[in-house]
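Overview (structure and organization)
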Amino acid sequence: MVEEKPTFDGDNIMQIVPWLLENIQIPATVDRGQLKGKAGVFTIIIGTEGKLTDVQTLRPISKEIDEAVTKTLMNSKGWTPGKQRGTPVAVKAMIKVTF
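Residues numbered from 1 in each chain as written. Predicted model: local features only at pLDDT ≥ 70, side-chain atom pairs only at ≥ 80, totals over all residues. Heavy atoms only, no water.

Ordered in space as β3-β2-β7, the three strands form an open sheet in which the pairing is antiparallel. Every other strand in the sheet has two partners, leaving β3 (52-59) and β7 (91-98) as the edge strands with one partner each. Strand-to-strand twist in this sheet, taken as the mean axis angle between neighbours without regard to direction, amounts to 25°. One ladder, built from six bridges, connects strand β2 (residues 39-46) with β3; its direction is antiparallel. Counterpart to F42 in the pairing with β3 is T57. Contacts between helix α3 (residues 63-74) and the sheet are confined to β2, β3 and β7, with β3 contributing the most and set at about 155° to the helix. (Pairing = 2+ DSSP bridges. Helix = DSSP H or I, 4+ residues; strand = E, 2+ residues; numbered from the N terminus. Axes fitted to C-alpha atoms, helices over the stretch in contact; angles between N-to-C directions. Contact = heavy atoms within 4.5 Å.)

With that settled, consider the packing of aromatic side chains. Counted under the stated rule, the structure contains two aromatic pairs. Where F8 meets W19, the ring centres are 5.9 Å apart and the plane angle is 65°; that geometry is what we call edge-to-face. One end of the pair, F8, is in strand β1 (residues 7-8); the other, W19, is in helix α1 (residues 16-23), with 11 residues separating them in the sequence. Here W19 falls in the partly exposed class, since its relative accessible area comes to 23%. Measuring from centroid to centroid gives 4.9 Å for F8 and W79, while their planes differ by 55°, and the two rings are tilted. (Phe/Tyr/Trp six-rings, centres within 6.5 Å; stacked < 30°, edge-to-face > 60°. Buried < 20%, exposed > 50% of the residue type's maximum accessible area, 1.4 Å probe, protein only.)

Attention now goes to unusual backbone geometry. One non-glycine residue with positive phi stands out, namely D9, at about 50°. Tracing the backbone through its elements, the reader meets D9 in the loop between β1 and α1. Non-glycine residue R85 carries a positive phi angle of around 55°. Position of R85 among the secondary structure elements: in the loop between β5 (82-84) and β6 (87-89). Judged by relative accessible area, which is 71%, R85 ranks as exposed.

This part is about the side chain of D66. Here D66 is to be found in helix α3. No salt bridge is formed by the buried D66; the nearest opposite charge belongs to R59, separated by 9.3 Å. (Lys, Arg positive; Asp, Glu negative; His and termini not counted. Salt bridge = Lys/Arg side-chain N within 4 Å of Asp/Glu carboxyl O.)

A few words now on the nonpolar core. Of all hydrophobic cores here, the largest spans 23 residues; its most connected members are I44, L73, W79 and I95. Counting only elements with at least two residues in this core, the list comes to α1, β2, β3, α3 and β7. Looking at which element gives the most residues to this core, the answer is α3, with four residues. Residue contacts for W79: discarding those within four places in its chain leaves T7, F8, I13, I16, I44, I46, G50, K51 and L52. (Core = buried A, V, L, I, M, F, W, Y, C linked by side-chain atoms within 4.5 Å.)

Below, the structure is given as structure tokens:
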């Protein structure tokens, strides 16, 4: 547990989910109707520089969607790293994405 948790756009890291849903590019091969209500779980690592350094799928949706989620997350900006004793530290977090 870190003293200061990382933030996304100055708010709770879970604010990445609405941003992700607005910015993800769903592959044309995916039936959007089949996505409604589907949920995936991903781990992210917010690095000391305020960038995501890793995304892993814990509960997949589909190969195409998991890849699109990973790509979109890795391109996200606006992270502030967590801090321990005033020093930036990498923090692992889990997010749930529901379409």
